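Chains, contacts and geometry: an overview
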Protein chains: 2
Amino acid sequence: MKKYVYAFGGGTADGDGSMKDILGGKGAGLAEMCRAGVPCPPGFTIATDVCNIFFKNNRRVPHEINEQMWTALEKLEALMGQKLGAGDNPLLLSVRSGAKFSMPGMMNTILNLGMNDQSVEALSKKSGNPRFAYDCYRRFIQMYGEVALNIEMEKFDHIFDARKAKVKAKLDTDLNAADLHAIIKDYKALVKKETKKEFPQDPCDQLVGSRDAVFNSWWNPKANYYRKMEKIPDSIGTAANIQAMVFGNMGQNSGTGVGFTRDPGSGEKAFYGEYLIDAQGEDVVAGIRTPEPISQLGDAMPAAYKQLVEITSSLEKHYKDMQDFEFTIQEGKLYMLQTRNGKRTGPAAVRLAVEMCEERLIDKKTAVMRVAPSQLDQLLHPVFDGASLKTATKLTKGIAASPGAAVGRVAFSAEDAVEASKKSPVILVRRETTPDDIHGMDVAKGILTAIGGKSSHAAVVARGMGRPCIVGASTVVINEKTKTATVESGGKKIVVKEGDWISMDGTTGDVYLGQAKTKEADVKSGHLAKFMAWADEFRGKFGVRANADIPRDAQVARQFGAEGIGLCRTEHMFFAEDRLPFVQQMILAKTEKDRKKALGKLLPMQRKDFAGLFTAMNGFPVVIRTLDPPLHEFLPKRENLMVDLAVLPHADAKTKKEMASRYSMSVGDLKKGLPALLERVEELHEFNPMLGHRGCRLGITYPEITAMQAQAIFEAVVQVHKKGVKVIPEVMIPLIGSVQEFAHQKEIVVKIAEDVLGKAGIKNQVHYMVGTMIEVPRAALTADKVAEQAEFFSFGTNDLTQTTMGLSRDDYTKFSAHYEDLKIFTADPFGVLDQEGVGKLVKIAVDGGRSARKDLEVGICGEHGGEPSSVEFCFRVGMDYVSCSPYRVPIARLAAAQAAIADKSEAGRTS
Amino acid sequence: MKKYVYAFGGGTADGDGSMKDILGGKGAGLAEMCRAGVPCPPGFTIATDVCNIFFKNNRRVPHEINEQMWTALEKLEALMGQKLGAGDNPLLLSVRSGAKFSMPGMMNTILNLGMNDQSVEALSKKSGNPRFAYDCYRRFIQMYGEVALNIEMEKFDHIFDARKAKVKAKLDTDLNAADLHAIIKDYKALVKKETKKEFPQDPCDQLVGSRDAVFNSWWNPKANYYRKMEKIPDSIGTAANIQAMVFGNMGQNSGTGVGFTRDPGSGEKAFYGEYLIDAQGEDVVAGIRTPEPISQLGDAMPAAYKQLVEITSSLEKHYKDMQDFEFTIQEGKLYMLQTRNGKRTGPAAVRLAVEMCEERLIDKKTAVMRVAPSQLDQLLHPVFDGASLKTATKLTKGIAASPGAAVGRVAFSAEDAVEASKKSPVILVRRETTPDDIHGMDVAKGILTAIGGKSSHAAVVARGMGRPCIVGASTVVINEKTKTATVESGGKKIVVKEGDWISMDGTTGDVYLGQAKTKEADVKSGHLAKFMAWADEFRGKFGVRANADIPRDAQVARQFGAEGIGLCRTEHMFFAEDRLPFVQQMILAKTEKDRKKALGKLLPMQRKDFAGLFTAMNGFPVVIRTLDPPLHEFLPKRENLMVDLAVLPHADAKTKKEMASRYSMSVGDLKKGLPALLERVEELHEFNPMLGHRGCRLGITYPEITAMQAQAIFEAVVQVHKKGVKVIPEVMIPLIGSVQEFAHQKEIVVKIAEDVLGKAGIKNQVHYMVGTMIEVPRAALTADKVAEQAEFFSFGTNDLTQTTMGLSRDDYTKFSAHYEDLKIFTADPFGVLDQEGVGKLVKIAVDGGRSARKDLEVGICGEHGGEPSSVEFCFRVGMDYVSCSPYRVPIARLAAAQAAIADKSEAGRTS
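Described below are features of the structure shown in this document. (Residues numbered from 1 in each chain as written. Chains lettered and ligands numbered in written order. Predicted model: local features only at pLDDT ≥ 70, side-chain atom pairs only at ≥ 80, totals over all residues. Heavy atoms only, no water.)

Here we look at helix H35 (residues 838–852) of chain A
A rise of 1.5 Å per residue sets the reference length of H35(A), with its 15 residues, at 21 Å; its end C-alpha atoms lie 21 Å apart and thus fit the reference within 8%. Inspection of H35(A) places A:Val838, A:Gly839, A:Leu841, A:Val842, A:Ala845, A:Val846, A:Gly848 and A:Gly849 among the buried residues, and these make up the whole buried set. (Helix = DSSP H or I, 4+ residues; strand = E, 2+ residues; numbered from the N terminus. Expected span 1.5 Å × (residues − 1). Buried < 20%, exposed > 50% of the residue type's maximum accessible area, 1.4 Å probe, protein only.)

Remarks on the pattern of salt bridges
Overall, the coordinates contain 118 salt bridges over all chains when judged by the stated rule. A salt bridge links A:Arg680 to A:Glu683, with the nearest nitrogen and oxygen atoms 2.8 Å apart. Of this pair, A:Arg680 and A:Glu683 both sit in helix H27 (residues 670–684), three residues apart, which is roughly one turn of the helix. With a shortest N-O distance of 3.0 Å, B:Arg139 and B:Asp135 are connected by a salt bridge. Of this pair, B:Arg139 and B:Asp135 both sit in helix H5 (residues 130–147), four residues apart, which is roughly one turn of that helix. Residues B:Arg139 and B:Asp135 agree in their burial class; the two are buried. Through salt bridges that share partners, A:Glu571, A:Arg625, A:Asp628, A:Arg694 and A:Asp799 make up one connected network. (Salt bridge = Lys/Arg side-chain N within 4 Å of Asp/Glu carboxyl O.)

Overview of the relation of the copies chain B and chain A
Overlaying chain B with chain A gives an RMSD of 0.4 Å, the required rotation being 179° about an axis along which the chain moves by 0.1 Å. Considering both components of the superposition, the chain copies are consistent with a two-fold axis. Considering only C-alpha atoms, the residue of chain B closest to the rotation axis is B:Asn688, which sits at 2.1 Å. Of all interface residues in chain B, 100% are interface residues in chain A too; the two copies therefore contact each other through one and the same surface. (Least-squares fit on C-alpha atoms with pLDDT ≥ 70 in both. Contact = heavy atoms within 4.5 Å.)

Brief notes about the sheet that holds strand S8 (residues 272–277) of chain B
Strand pairing in a sheet relies on backbone hydrogen bonds, with the paired strands running either antiparallel or parallel. All names here are of chain B. Strand order in the open sheet made by the five strands is S9-S8-S7-S10-S11, with antiparallel pairing throughout. Lying at the two open borders of the sheet, with one neighbouring strand each, are strand S9 (292–293) and strand S11 (333–341). Of the pairings in the sheet, the one linking strand S7 (residues 255–260) to S8 comprises six bridges and is antiparallel in character. Across the sheet, the residue bridging to Gly 257 is Tyr 275, located in S8. (Pairing = 2+ DSSP bridges.)

Observations regarding the interface of chain B and chain A
With 56 residues of chain B in contact, the opposing surface of chain A contributes 56 residues. Buried surface at the junction of chain B and chain A, summed over both partners, amounts to about 5,200 Å²; 59% is from carbon and sulfur atoms. Measuring nitrogen to oxygen at the nearest pair gives 3.1 Å for the salt bridge that ties B:Glu836 to A:Arg778. Linking chain B to chain A there are 30 residue pairs in polar contact (both at pLDDT 80 or more). Here the side of chain B that touches chain A takes seven residues from helix H25 (residues 638–647) of chain B, the largest share from any one element. (Buried area = accessible area lost by both parts, 1.4 Å probe. Polar contact = N/O pair within 3.5 Å; in protein donor to acceptor, adjacent residues only side chain to side chain.)

Structural notes on the environment of A:Lys445
Residues and elements named next belong to chain A. With respect to the element layout, Lys 445 can be found in the loop between helix H18 (438–443) and strand S17 (446–449). Looking at Lys 445, the relative accessible area reads 46%, which means it is partly exposed. Distance in space between the C-alpha atoms of Lys 445 and Ser 421 is 9.1 Å, their sequence separation being 24 residues. With near-sequence residues (within four places) excluded, Lys 445 lies in contact with Ala 406, Val 407, Pro 425, Val 426, Ile 427, Arg 467 and Pro 468.

Here it is as structure tokens:
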């Protein structure tokens, strides 16, 4: 029969540290410690498989597996020279959960198992401490009652508190043995009343009940939620660790504590932790007594402390990683209860990796693999000073959309934000944002919206700007007229007025009233700089570029290590306040001639932008995308126009004036102007703008727009080339669905490029390419044909995800929570590339494209370009680079390095 | 060297009838006729290749090819015993275009080539008819001047008319030889003035110039347009046919004519055509003189007539098809100038195929292949009586969206249409239609919209209903308030008022004022019935189902031969007037309980619908799709609500009353009710409804909707099963993107099915399936996974085209014309399946699905299911059936039969 129960203790173990799948993290750690001669209480681990069998078998463990458990128990009793809950020297046990991945505090634990009416007396006699014995018993009844018998905790607390009140005890420790004895009597009566049975006296029944309670806790709501959050599969199950009890609560020469071999917050090499004298494990975390810093243990119990430092230090060396440990000292003797690789913040992760490598504990490759790319995020944005938040009033919690801390005064419109930003920092608070709000977002320190998800306009733009952003803060109800927001918080309504200070943490989604303190991030020096340099060594020639639309963003991107621009969205330049009027003129033009006139005004502005980008990216490629969004995005909203037009006949002078200013018309012009404007807006109105007249479709119907943009690009090339800048322009045509579309646009671009470069006499000195975005499934499916014409591909995975899944990123938040609950989405498909579906198309396109053009340059410029698992995918399918928002460049660099390392070791394994 | 010039004449020919690729249709026909001993003027054909070479070679024919031409000319001169344009008996030539596919009248022709100052005198002497000779010469100068020298026709006309005026001639024939001589002089002067050169006297120059003019006409705008319309590739080029002239204008024993061996309109076996005595070919079509019916030729020239009947009849037997021929009689001698398979109407095609098969001229297989499936369309809808249209006032022309003739009184809203339809037939005229208009469309005889394309809501629904429909009639400006439409027609404005009669032809797109006469189509008898029975023999087990939502449509579908329902859109039942209030109640419900209550009211209605469908389809499968459209489609439009809400404070009593009725509220409720309604509408508002909260996403967030529909379906199954109906229900889940979504919905359906059928005790007597629509690329890409759960696939190619191409069918008409001009779209992708892109996904899905489930039933229910080339594709990728609107079922049956025949001969060829 298969082995399900693994013993450990007495300097040996059935399992070892590599068996986390079977033994869980805790079980594997205990086995490994025992093998290494570390003093641990002996015991045995029931494998994670049994948890799954338990649930498949109507929540019962099959007889054969129970037999293995009883055999292990007999061996344990022999090793300890004790009998479970019997005799003069009864064996007591703890039962603890332990899945492959740490789920701290999410599942059940039972201590002091084996206590009953007989063993409590034996323990009392043996320890000479009746209070201790009764305390153990009452703790056990309470724990077992709660987790195995499902009796509400409050009912036990009620008995306990009643007794304390009766004897006027302030602290738990004020209760004496007699008091505890009385409590035990009441506890047992409670159990009888609630379960219609006596409290189980048979220690074997207790063991089965406790183990099953641990298994049952795998599906409790806390654990479910945690698994969902941490993306831990439901299928792995938890092990149950049954271990001989040691007691930290046997007087002043006993104690218990937890610690880390290095500081998990900063990564500093400092022994770190806390402990309590005369206490059991739960007391340390329960917060009833304040634990002492671990350094003081050296004074209190020097021998035990010295041994603890030695053991944990050797454990760190053994595991080659910072250890998170638990220990108990029973009457001066140290027992290690657990050790595991400790969780750490981003800054700590980087520092640990760098220092351990410098200490030669790990090699460079291991150091680079040691930091999760997403952990870097915390190092790249300003952060709140934790202490200052403790006293702040929490206002709400939304979806953390773009990390970093921001503090500012509330503004409810883009215009107000621009105005207010001249005087003080501003947080822009909107129901949702639209491209019209760009200038407001640009001046704001942070953006907060009431609706929308991680891929809403606000979120995407904010991330691109590196601006902290919280979206979908659904308790915030905004009244734009009164310029207030009402927030329901803990049952009461808080009204936030324009100009009020708020603080928001885009990393957590938390919003606070008032001004919290922040700290700036440092990326160009210290551990991070060293770490990133190592990562780049492994990354090799796989590139990381940034999505940047304006020269300032390009400079930031360079600082973060971007090797070029993977996406410049020219339309973002169109939304700027000084340009929008010309853009609108162009759209409202009735003839090609008028349209060209308006375009002529935009030309020098675009040229200037491009020159700035090229200069910032001297020596690196710059991918410029021609105009993409539907033209109606540049005009007032149809429904607002309809309302204003309907209201106009009834409007008073003030309203008319407001309208006039809104549409940049005189009051007198409104009567004729509004219907005319509405007519054009109606003409441009679309039912599904995402699938409408945009991308290359604009450039094909209005070739003069593409021509103007090409003109601006290549005139800028000539301009900066003269100044000695090395320019590598790549013109990208968006929303291509067929090679015919691409060829049409390419012809325009090439003709102008040849003309402009030719006239300047630098045709042979500038190498440019014309390529396409792959963002429509049809382009991916016909990639072989497209690549006959296109010189590079860049995957626009935002739109490709929308079209492949038939999912609007502006709308899917209406049901995405539901989808995540039902595990239809295992992750937000706009955050993490859907490799199974969208990824399949990407693969088809890369293979198709390269079949037609061997040296086809292939990259990604969708949001996924900065998401680690997606970067790894891009590396794997053979792309040349990823491009992401400037603030995610280091994350992408690290993810790419890790992908390269994994790829090599994979190759090593298969060859 | 390769052969480029092919001689014919003298009872033999270099080429033959099979060489259309090389010789073009006309050249191949001439070669074949010569070989068959038919009297034709001899000549030679310059191959189609030369046309392409000509354009690649800067519009010059290379020397080597010219050499071949001169050799052929020498042989022709020898055969004729004449010299080109020289001597006493000069040879004159015609030069005619002739591509592989007939392009009647689209390219240039030159007659009388060889005329010059010498030959005109020789001809005059030889014919004894100076007027004839001068007429030939002036015609040649005019034709050559126009097509080879690019002189405007008007300039020649001006000279000609001036001369007529001067001599007071009424008819051209009133001009005598001297007049014509004078005209020739003026013509030559004109040529000199325009080209700075004398009119070419060298017949060889004339030949080169004429031939090149024919090639050049390949790219003239008319020809371009025609190729686009008929989907003739640009790359095939035209041949040039150089042939000895024969003259129908040599007096009363000469003549010329055209004809058909059978009636191309009706297919009746009757010699059919017209002729003119003493005329050249162009006079027959020019309309200056009215031609005589060909039967009269029998009286005028009995011998020639007899010979003509014999020759054409043997040509028909030779080609085994109805012939369209041209002939000339020169001084009593008959010459055949051309023969080809004649174009024919749909009814004629069917009758010809059936009768020729019965005459044993062709076999059954050939008969079935002989009719283009699209030609059947004309047989399936009522049609206008052509004569009655001649006198009608044409109002406008839109896009022909759903065929058939309709006559009715104009209504401008669905409500008005319902009301008016009680008294007389109605044509619904709207700017566009929405699902709200369904009841109006349902009662209308025809639908006319000002905007939208062939796949707009109006078009799709109308085709589904078999209702004639014209969309995108852009000259129609509708004023809903005044209930009038203003139509600009030929410079003047016509105002159409509510209640005015109009007639519309959904087959052509034409709209007329007044009541035109119509004729009913007959499908159950006669030639069509016989023809379809033959088609079905070849179609075999490949099925054709119909898309039908209500029992009446299902009955129509059965009459048209549908073998089941491939798509029942349950939401169409939701839009019915008596149900919409409950649907709205369901949507506005705040709790699941209220929602279930509203659903409870819909249950019996849906059950009744399903029972009706099952009964109509006794013994055939019925695919029922669960609710698909986003819920906001059932509520008032957001922008209208916004306007009404803004206007409400200013509204007078009448306006308020109208509003109240619009929203089914009391006037008093408006103030609270409108904002509440708007709030819910805002909640449901989507930026891209196509990619939003619809399809299975509704059923997943509101499982009670799916449950209600499953309940209704299986209760209906039980009901009709008891009455002896054989029910084969197939429940279809829409918009699946992943197997997880499908599994969620399947579980609900199966649970209810088992429950309902189990209670009725008929679990083993009813076989049902649960399957999915494949309409999102992700479903196609993961089809292997989806098919693990889904028991059938049905391709929703409308949506699959939208998502694969990133193209909204409601919006793409804004640029589709542009795309067709630029040949980016070779066909409307919503009409003709894009096999290169969308088809690739379909293939991936079929293969993926069958890899997981061998016996997976696969069909198509998108609009493409009734389009012949798409049906052929579906057959080829291995689908089990297609489903289309009832009125297209015979078309699909024929297309499938033809695909099966093609497939077998393909298999025969490769095996």
